[in-house]
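# Coordinates in review
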Amino acid sequence: MRLEYFEMIDSVVRLDRAAGRIEARALVPEASPVFEGHFPGHPLVPGVLLTETMAQASGYLVLAHLDFAQMPFLMAVDKARFRSFVGPGAALDITASLEHDGSGYAVTKAAIRHEGKALCDAELRFRTMPFPAGLDAPMRERARKIGLLDGEQP
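The present account deals with the structure reproduced in this document. Throughout, residues of each chain are indexed from 1 in the direction in which the sequence is written. Since the coordinates come from a predicted model, pLDDT governs what is reported: local features require at least 70, and pairs of side-chain atoms require 80 or more to be given and counted, while whole-chain, interface and lining totals use all residues. The side-chain figures draw on all heavy atoms in the structure; neither hydrogens nor water molecules are used.

## Digging into the environment of isoleucine 22
Condition: Each helix corresponds to a stretch of at least 4 residues labelled H or I by DSSP, and each strand to a stretch of at least 2 residues labelled E; elements are numbered beginning at the N terminus. Every residue pair with non-hydrogen atoms within 4.5 Å of one another is taken to be in contact.
Here isoleucine 22 lies in strand β2 (residues 21-27). Taking the C-alpha atoms as reference points, isoleucine 22 and glycine 147, 125 residues apart in sequence, are found 12 Å from one another. The residues contacting isoleucine 22, other than those within four sequence positions of it, are Val12, Arg14, Leu15, Ala57, Tyr60, Leu61, Ile94, Thr95, Ala96 and Leu148.

## Here we look at the sheet that holds strand β6 (residues 117-129)
Rule in force here: Between any two strands, pairing holds if DSSP finds at least two bridges. Helix axes use the C-alpha atoms of the stretch in contact, all axes being lines fitted to C-alpha atoms, and the angles between their N-to-C directions lie in the range 0 to 180 degrees.
Spatially, six strands are ordered β1-β2-β4-β5-β6-β3 in an open sheet, and the strand pairing comes out antiparallel. Here the strands that pair on one side only, and so sit at the sheet edges, are β1 (11-16) and β3 (71-82). Averaged over all neighbouring strand pairs, the angle between strand axes comes to 20 degrees, with direction disregarded. Sheet analysis places β3 next to β6, joined by nine bridges and oriented antiparallel. Residue pairing in the sheet places arginine 81 in a bridge with aspartate 121 of β6. Of the strands in this sheet, β1, β2, β3, β4 (91-102), β5 (105-114) and β6 are in contact with helix α2 (residues 47-65), which crosses β4 at around 50 degrees.

## Concerning the side chain of threonine 51
Topologically, threonine 51 is positioned in helix α2. If sequence neighbours within four positions are ignored, threonine 51 has contacts with Val77 and Phe82.

## Notes on the pairing of β4
As a general feature of sheets, a regular strand has side chains that alternate between the two faces. In this structure, β2 lies alongside β4, joined through seven bridges in antiparallel fashion. In the strand pairing of β4, alanine 24 is matched with isoleucine 94. Here β4 hands over to β5 after two residues, with serine 103 in that stretch at a positive phi of 55 degrees.

## Observations regarding the nonpolar core
As a rule of thumb, soluble globular proteins bury nonpolar side chains together. Put simply, the rule is: Buried Ala, Val, Leu, Ile, Met, Phe, Trp, Tyr and Cys residues form a nonpolar core when they are joined through side-chain atoms within 4.5 Å. Each residue is placed in one exposure class: buried if its accessible area under a 1.4 Å probe, protein chains only, is under 20% of its type's maximum, exposed if it is over 50%, and partly exposed if it falls in between.
Residues Leu92 and Leu148 are the most contacted members of the largest nonpolar core, which totals 44 residues. For this core, the secondary-structure elements that each account for two or more residues are β1, β2, α2, β4, β5, β6 and α3 (136-145). For this core, the leading source of residues is α2, giving ten residues. Ignoring sequence-local partners within four residues, the contact set of leucine 148 consists of Val12, Leu15, Ile22, Tyr60, Ala64, Phe68 and Ala143.

Here it is in structure tokens:
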């Protein structure tokens, strides 16, 4: 994770296109400018960044599902629940499942766990649209970097 750059997913562990499911990993850094203010002397990952982590895992799932034909843009976060705090050094397991795709929208359910313990979950809605000019190549490069394009399992 590079919190300050919004690079939340370190690697794709498994992509199952047929089941519409992705599993990803992220390691919270030991130090980040984010922790200087959230909170001084008691560093915690902000809930909005945990939501972004679930959204990115879901977005990569939608990208793979659509074979990179369109870009998913987060439109809504529903039923978000935060069950525990996340501090520096935590290894996060992120899952997302595709619940719906059609009419220019995709819906996922996503969750984050640490050491088997549920941290948070949410339902996320995306608008799928053509890639804005110049965004397709960087998205494909980031997907390659985290292993999305070769993370598919039979």
